[in-house]
Structures are given as C-alpha cells and as structure tokens.
Amino acid sequence: GTVMSFRRWVLPPLDKESAAMLAEECGLDPFLALMLTTRGICEVETAMEFLTASELTADPLGFIDMDKAADRIRQAMDRGETIMVYGDYDADGVTATALLYSYLRDKGANVLYYIPQREGEGYGLHRESIDRVSEAGAQLIITVDNGIAALDEVAYAAEKGIDVVVTDHHQPQDQLPGAVAVVDPHRQDCPSEFKDYAGVGMAFWLVCALEEDVDWAFEQYADLVALGTLADVMPLRGDNRVLVRRGLEKINRGGRLGLDRLKEAAGTAGKVHTSTMTVFALAPRINAAGRMGSPDKAAQLLLSENMEEASALAAEIQKLNAERQETETRILEQVLEGLRRSPERLSDRVLVVAGDGWHHGVVGIIAARLTERYGKPSIVLSVDGETAKGSGRSVKGFSLFQAVAACKECLQGFGGHELAAGVTLETAQIDAFRERINAYAAALPAMPVPEMVLYCKLRPGQLSVKLLASLSALEPYGAGNASPVFGLFQMQLEGITPVGGGRHLRLALSRDGAHITAMKFSTTPEEFRFIPGDVLNLAVTLDRNEYKGAVSVSVIVKDIRYASTRQDEVLAGLRDYDRAVRRELTAQDMALQPDRELAAKVYRLVSPQNGWAGTLEQLAHEAGTTGAYARVRLAAEVLRQAELIEAEDQGDILLLKRKPAKGKADLSATPMMGYFQDLPG
C-alpha cells in the first residue's frame, strides 16, 4: 500500500459570505465559489483570471537582461557562430534544452546542446564541460535551468574566449556570474511580476524575446513548457497556470512525435492527460533517462522527427524507467532492512541513512518515500569509499537547506531549498552529521507535522456529477493548486469487498440513510482493521467515473480514522514515544510507563498465525485504552525488547508478530522498563 505517516487534518475556516458574493458577482456555481475562497481567491478580477487562465501576462523583455541576451544570440546567429545550449539532466532541464535547441536549429543557427551526466559530472557548468564546448568550437554558451551559481565557470569560459548567457530560475547567491546576460526572475533587480517559472518557462520567454511573437512560440512549445513546469513542481498560479493549461491541451492534441510515442510506451495513449496523469506517466519517464545516466536520450526523443527513431527511443526510455523502479525498490528494501536492525533510528527527528554504492539517481526519490512514510525530514546518503553523497526531502515548515547549512563544518558541499537539499561529506563524518542535524532540529521550538488540508466537509447526499463538473474549473491541479480533498465525517462502515484480485477494497458506507461506496486502493483485507459498524471519518478525493456511457462520481479514500479519534492526542502520543526512545523523558512523564497488564493485552491481540497489522489508534482502540497512545506503543516496544514479539513500524502501519517463547519473559528486565525505573522522582 501507499504507506504514509499520521497526518494532521486541517479544515480551513469557510468564508461563506465572501463565497456568496463571489458567486453572485461572477455568476458562478456557489460550491465552486467556496472552493476559490478557500484558496484565497476572493476578488472578482483574480477569480475570473484564475478560471479563464488563457492570457499570459509577462512581457518577455520585462525580465532584466533579456534584451542583452536576445541581442547577443542574434549576433551569434548573424555571424554563424557555434552556439551551445547547456542544460540539466532532470525533466525541466531536458524540456528547456529541447525547446531552445529546436528553436535555434529551426532558425538556421549553428547550434549544439550539452546535458551533463548526473553521475560523474553532476549539476551545472564545469571546467571540463567548458573545455569540451571550446573543443567543439562554440563561441557562445546559453544555460537553461542552471548557471546562476556558476561564478567561477563563467569566468573560466571568458578566459577561453567564450561568452555565456545565463537563463535560470534558481535562487541567486550574493554575487551574480559575470555573464553577458543573466536572466533569472529571482534577481533582486528583476521587475517581472510573476517569479515562479520553471527553467523551461524561462527558456520559453527567451524564445519569445528572440521571435518577438509570444502567441507563435506558445503554439509551438506549450507542451514542453507544461511538461517541465509540472515535473519541477512549480506553483500553478499566474502565468504557470496558463502555460500548463494550454500545454496540456497540446499534449492531448498530440503532434510532437516523441511525446506521442512516449504516451504509447507508457500505456496512456488513448487517455486524457490531465496534470496528474502527466506527472505520473510522462514526467517520471523523462526523468528516468537522466536518473539512469542518459539524459541525451530524453532530449533526442523530444526533438525526434523520425517515426522509427522516436519509437526506438521511447522503448529505450520505457526500459530505463523500469530499471529505475527496480533500483528504487531494491534500495528502499535495504534502507528499511537497516531500520529494522536499528529501529531506534526511527525516533530521530531527522532520519539519516547511508549505504554502499546506492544509485545516485534514485536517492532523492528514496528520501521522498521515507518522508512520506514517517513524516520526518530524511536524508539518504550513497557511500563511495571515502566520500558520501546524498539527497534529502523535508516536511513543510522545516527548512532542510537551513538545517544542512547549520552542519556545514562536517560537510564538503551542500545546496538546496526548504523542501529538498543535497550534501557531500566524508564517509567518516556521517555519524557526526546525523548527530549535528538532529541537535539542530532539537533546538527548534517543535518539529512540523505533515498536514492534509480538507477543503470542507461534505454530506454523502452532496456527491453528484454536477458537483464534479463545477470542480473541473479548478484544474489543472498541482503545486499551489492542489486537487481538493474533502471530509466525509461520521460515516458508518457497512461492508468491505476486496476487488482487483484482493489488492484493493471497496467500502460500503452510510450516514443518515444515504449510502455510498468508496475505493481504498493498495490495501488488502488483512491490512484493513476497521469492521462493519465502526463510525469513521474519511478524507477523500472525487473522480469522474464513466462506465458504458453513464457518468458517476467515484470516491477515493486518501486517509481514514475512527470518528472518535482526537488527532492531537495521537500526535502527542507519537511524539512522547519518540522522546522515550531518545531518552528525553523527565519526572513528569512517569505516567507513560506501560504496565504488565497493558503489555499482556497487546500480546493477546497478536494472533499466533497472522500477527497484527494496523495503525497505532487501532492498537489503542483494540487494547481498550483509546487516548493512551504512547503507553500502548511503549507496551509493544517492551514486548519487542523482551523478545516476545517482532515489531516493525512502517509509518502509519505497525506490524507485530509473535516469536517462539523461550521460557518466562521478564518485562522489567527490558532496557525501556529499566529507563522508567531510573527516571528521577
């Protein structure tokens, strides 16, 4: 199943008056107006702009240095100089490279492109690559999706007589590179209004400036811009919303050979490519090429104008993606195995795991999986002899960039932003780094908890095709414009039906005489401990389901809990348990100590054949101690230390298995019970 940590559900206050006014003034469906106001869109003008999202607002020459960039590139074209488009190996960098290269090629420029390898070269401009560019006879380098930090490299290129035009969307450092032009909306002195373009968005504006025709450029390249913007998780507000919306229309119309072949390879050819479908089907495949060491293949695919070549490249990329998935599964299994051997690691505030020779292209994805699973910032390091290199992902509210910057004494290099960061360090420093970053986290007032925003509560009777239709105006969904999640509260569970060969569940639910069904994906009957009669709160998304011409609403369960669950108590329980494992308790915490009776209750729940699997709230519920979450979790830990059971924390799900008994177990002899005995007071 998709394993995820316990989330804090957040219901933003509903401003029904603003919504009613908006609905009235714009002639909108009242429910749609409510959805807009919960997104902070309350003004008539911003609402209409958001809903129509058809006009780009930026002026290509409104970015600082864009005029200089366009002049220098035109000069190169006029003189027949060799131009090198210098990209990056992720989907944003590859789409940006393909866009700018194909434009210049079609305009008759003497143009090449270069995408560095993730492995061996790494991100951005390097002296070695500049030497290669120089050997290729290029007099001008144009960077896309990189370059803002390449101060030394740009200076080195100048020594070699090569001019550089930088286009980037990353945060500039204190000093800008000494390039002919530096186009980046995040420059302090850049007057452009909207700032959150992807790298491919900036390459697009450069083409608009060169062509002096935004509409033409948009028609040509909207699909590439949408793909890169979605893949790089840029906020879908302002111009990005327009770029992605029109770009998806172009992806669905087809016509770019490489993308059409890629849809076939991914098995999504006949389907509507929404933003979500594009993010799940197309973006990972383009990314896989760069992750597995051949970003050129992805660029060639997007540039291909030959049917056989495009088919062959799509098949190859499909294979690379399968390889990426296998590598990822294998490494994740090794990470989890290491955590099984040292379960106390899971109580750290920041998870730091390391392994020999883990593939650099997937460590970032593994970190994202750990963060999703355990609700904590995670850093995954790949060790290669004396050096370790890795990637981390964070939880909103904990800046991973600031955290690694606070550890720079034990690092050779680091970079990143709030939610993702990369580090390089000596292998001998890994333990020191883990301690240092956890000490940094311990000094903060509190660690953030992953949240799930529910837009509003719905009654089962409100689920209609009309409701779905009014919601579709909010698309495309993505960062900064999430697909809405709704609360179905106080629902009684009536029945559970396994579907899809037992891999998924269909739930029958009712409230006040209204009956609905909902899908719980990637969950087996064994993993689902709720029983008919339970009263539940569900967090759901709604999807359109069409079967034999009839359209209905399908309800998809994202998260589920007892209606009686008090989430702050669960979160406090998880926090207290971690504090106990980290040995941070004080005399006030004596009440958390589990007793023999509770341990015996938990032990009896673990069936000798099938063990026990479920959430912590379910364990507390079944042990008859709802509310005492930390005590129940500590009881299971004491049983594990006494070697009566095996216990594996999988984030949301706890797996317990009985072990063959070796005589009478002494719970008071376990380290955890000893720790409670030794607490002062």
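Below: a short report on this structure. Fair warning: this is a prediction, and the values are worked out from it, not measured in the lab.

Parameters at a glance
- Residues numbered from 1 in each chain as written.
- Predicted model: local features only at pLDDT ≥ 70, side-chain atom pairs only at ≥ 80, totals over all residues.
- Heavy atoms only, no water.
- Helix = DSSP H or I, 4+ residues; strand = E, 2+ residues; numbered from the N terminus.
- Salt bridge = Lys/Arg side-chain N within 4 Å of Asp/Glu carboxyl O.
- Buried < 20%, exposed > 50% of the residue type's maximum accessible area, 1.4 Å probe, protein only.
- Pairing = 2+ DSSP bridges.
- Axes fitted to C-alpha atoms, helices over the stretch in contact; angles between N-to-C directions.

A look at unusual backbone geometry
Looking along the chain, the bond that leaves Glu475 and enters Pro476 is cis, with omega of 0 degrees. Its location among the elements puts Pro476 in the loop between helix H18 (465–471) and strand S13 (486–499). If you check the backbone angles, Gln490 has positive phi at about 55 degrees while not being a glycine. By secondary structure assignment, the location of Gln490 is in strand S13. Residues other than glycine seldom take positive phi values, yet Ser522 does so here, at roughly 50 degrees. Tracing the backbone shows Ser522 in the loop between strand S15 (514–520) and strand S16 (535–547).

What about the pattern of salt bridges?
Applying the stated criterion to the full structure yields 42 salt bridges. Between Glu337 and Arg340 there is a salt bridge; the shortest N-O distance is 2.8 Å. A residue pair is termed a helical-turn pair when its members lie 3 or 4 positions apart in one helix, as Glu337 and Arg340 do in helix H14 (residues 307–341) at 3 residues. Relative accessible area serves as the criterion here: at 32%, Arg340 is assigned to the partly exposed category. Taking the shortest distance from any N to any O, the salt bridge between Arg579 and Asp589 comes out at 2.5 Å. Taken as a pair, Arg579 in helix H19 (residues 567–581) and Asp589 in the loop between H19 and helix H20 (596–605) lie far apart in primary sequence, 10 residues in all. Each member of the pair, Arg579 as well as Asp589, is classed as buried. The network of salt bridges with shared partners includes Glu333, Glu337, Arg340, Arg341 and Glu648.

Remarks on the sheet that holds strand S4 (residues 138–143)
Taken in spatial order, the 5 strands make up an open sheet running S3-S2-S4-S5-S6, and their pairing is parallel. Edge positions in the sheet fall to strand S3 (110–114) and strand S6 (181–183), since each of these pairs with one other strand and no more. Averaged over all pairs of adjacent strands, the angle between their axes in this sheet comes to 20 degrees, without regard to strand direction. Alignment of strand S2 (residues 82–86) against S4, held across 5 bridges, turns out to be parallel. Looking at S4, one finds that Thr82 is bridged to Ala138.

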